[in-house]
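Residues per chain, in single letters:
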Amino acid sequence: MGHGFFVALEGIDGSGTTTQALLLADRLECLGVRVVRTREPGGTSLGERLRELLLDPRAAIDARTEVLLYAAARAQHVAEVIAPALSQGAVVVSDRYLASSLAYQGYGRGLGPELVWQANKLAVSTCLPDLTLYLDLAPEEALRRRRDRGDAPDRIELCGDAFQARVRQGYLSLAASQGDAAQVVSAARDRDSVAADLWASVTACWSGAPQTTGDG
């Protein structure tokens, strides 16, 4: 079968990437599309074990080590899940992907996006998203949402607002450099409004998108 369609959702912690990835995947499945929904770090047995380590607040991890651990999880993710699904013509919806490393480690940690990209070249090979959807949200609002959920902060979320602000600006810089392969959507609205904008972006970018009428 031919190449499927690969969409990644990105944004700072609390911007709603997990919720919106689920809504998008559900909508596609309801229209009869074969969807593989996955996440990073994670998506594979190895990736989920690395996720536990990377997000553990007790773990002391050097910034460069962090880059390489994320890249290792991503390499397994591509080999085991993403590339096979795309080769079979499926739509892959991933809650985070390469742009997360570029934004969090490149901009947030200050390592620079070029170094992070070099570390990830082997991991991703040619497997890049057809469309990256950036959910843009102010760090203070994202923090409020995370606190409202009552979740204990993970290792990355504990880095603070200034770190999240650098990540947000990194995401916006990445989006500006990607042309039609990226769309920035304001996440500072209700869930359904954001989902509608994301759906419009997917259908505009993907020639194989199912045609529907109305918003439902």
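Refer to the preceding data block for the structure.
Residues numbered from 1 in each chain as written. Predicted model: local features only at pLDDT ≥ 70, side-chain atom pairs only at ≥ 80, totals over all residues. Heavy atoms only, no water.

Novice: I tried to follow the overall build of the chain on my own but got confused; where do I start?
Specialist: A tally of helices and strands in the chain yields 8 helices and 5 strands. Taken against the 2.2 N^0.38 rule, which gives 17 Å for 216 residues, the C-alpha radius of gyration of the chain at 16 Å falls within 12% of a compact globule. Projected onto the principal axes, the alpha-carbon positions of the chain cover approximately 50 × 35 × 30 Å. Taken over 216 residues, the chain has a buried fraction of 50%. Considering only contacts in the chain between residues 6 or more positions apart, those separated by 24 or more positions represent 78%. Surface exposure of the chain reaches about 10,100 Å², of which carbon and sulfur atoms provide 52%. Each charge class in the chain was averaged separately, 22 positive and 27 negative side chains, and the resulting centres sit 3 Å apart. (Helix = DSSP H or I, 4+ residues; strand = E, 2+ residues; numbered from the N terminus. Rg over C-alpha atoms; globule rule 2.2 N^0.38 Å. Buried < 20%, exposed > 50% of the residue type's maximum accessible area, 1.4 Å probe, protein only. Contact = heavy atoms within 4.5 Å. Areas by Shrake-Rupley, 256 points an atom, 1.4 Å probe, with all protein chains shown as cover. Lys, Arg positive; Asp, Glu negative; His and termini not counted. Charge placed at Lys NZ, Arg CZ, Asp CG, Glu CD.)

Novice: Could you clarify how one ought to interpret the nonpolar core in this entry?
Specialist: If you look at soluble globular proteins, the nonpolar side chains tend to sit buried side by side. Among the nonpolar cores identified, the biggest contains 64 residues, and Leu24, Leu28, Val93, Tyr97 and Tyr171 are the most heavily contacted of them. Here this core gets 10 residues from one element, more than from any other, and that element is helix H3 (residues 63-87). Not counting residues up to four positions away in its chain, the partners in contact with Tyr171 are Glu10, Gly11, Ile12, Arg96, Ala99, Ser100, Ala103, Tyr104 and Tyr134. (Core = buried A, V, L, I, M, F, W, Y, C linked by side-chain atoms within 4.5 Å.)

Novice: Which parts of the structure should I look at to understand the environment of Leu22?
Specialist: Tracing the chain through its elements places Leu22 in helix H1 (residues 17-30). Along the sequence, Leu22 and Asp95 sit 73 residues apart, while their C-alpha atoms lie 8.6 Å from each other.

Novice: How should the packing of aromatic side chains be read in this particular structure?
Specialist: The description of an aromatic ring pair rests on the distance of the ring centres and on the angle between the ring planes. Here the structure, examined in full by the defined rule, presents 5 aromatic pairs. Taking 5.1 Å as the distance between ring centres and 20° as the angle between the ring planes, the aromatic pair formed by Phe5 and Trp206 counts as stacked. Of this pair, Phe5 sits in strand S1 (residues 5-10) while Trp206 sits in the segment after helix H8 (191-205), placing them 201 residues apart in sequence. Taking relative accessible area as the criterion, Phe5 reaches 4% and is therefore assigned buried. Centre to centre, the rings of Tyr104 and Phe163 are 6.0 Å apart; their planes meet at 55°, and the pair counts as tilted. Here Tyr104, found in helix H4 (residues 98-108), pairs with Phe163, found in helix H7 (residues 161-177); they are 59 residues apart in sequence, far enough to count as distant. There is no split in this pair, since Tyr104 and Phe163 are both buried. The positively charged end of Arg74 is found above the aromatic ring belonging to Tyr97, 5.7 Å away from the centroid. (Phe/Tyr/Trp six-rings, centres within 6.5 Å; stacked < 30°, edge-to-face > 60°. Lys NZ or Arg CZ within 6 Å of the ring centre and 35° of its normal.)

Novice: Any chance you could explain unusual backbone geometry here in plain terms?
Specialist: Peptide bonds are trans in most cases, and residues, glycine excluded, mostly fall at negative phi. Residue Pro41 follows Glu40 across a cis peptide bond; omega there is -15°. Look at Arg96: it is not a glycine, yet its phi comes out positive at around 85°. With respect to the helices, strands and loops of the structure, Arg96 is situated in the loop between strand S3 (91-95) and H4. Although it is not a glycine, Ser125 adopts a positive phi angle of roughly 55°. Mapped onto the secondary structure, Ser125 falls in the loop between helix H5 (113-124) and strand S4 (131-136).

Novice: Would you take a moment to explain the pattern of salt bridges for this structure?
Specialist: Oppositely charged side chains can pair when the atoms bearing their charge come close. Counted by the stated rule, this structure contains 14 salt bridges. In this structure, Glu141 and Arg145 form a salt bridge, with 3.2 Å as the shortest nitrogen-oxygen distance. You can see Glu141 and its partner Arg145 sitting in helix H6 (residues 139-149), 4 residues apart, about one turn around the helix. Overall, the relative accessible area of 23% leaves Glu141 in the partly exposed class. Between Arg189 and Asp197 there is a salt bridge, with the nearest N and O atoms lying 2.9 Å from each other. For Arg189, a relative accessible area of 32% gives the class partly exposed. Where salt bridges share partners, they join Glu141, Arg144, Arg145 and Asp148 into one cluster. (Salt bridge = Lys/Arg side-chain N within 4 Å of Asp/Glu carboxyl O.)

Novice: Would you mind going over the packing of H3 against H5 with me for this structure?
Specialist: A pair of packed helices is captured by two measures, namely the crossing angle of their axes and the spacing between those axes. Their axes nearest at 8 Å, the elements H3 and H5 cross at an angle of 25°. Considered as vectors, H3 and H5 are oriented roughly parallel to each other. The two elements H3 and H5 cross, and the hand of that crossing is right-handed. Here H3 contributes Arg64, Val67, Leu68, Ala71, Arg74, Ala75 and Val78 to the contact with H5, which in turn contributes Leu115, Val116, Ala119, Asn120, Ala123 and Val124. Across the contact of H3 with H5, the residue classes break down as 10 nonpolar, 1 polar and 2 charged. (Axes fitted to C-alpha atoms, helices over the stretch in contact; angles between N-to-C directions. Parallel < 35°, antiparallel > 145°, perpendicular 65-115°, else oblique. Left-handed = near helix turned anticlockwise from the far one by under 90°. Nonpolar A, V, L, I, M, F, W, Y, C, P; charged D, E, K, R; others polar.)

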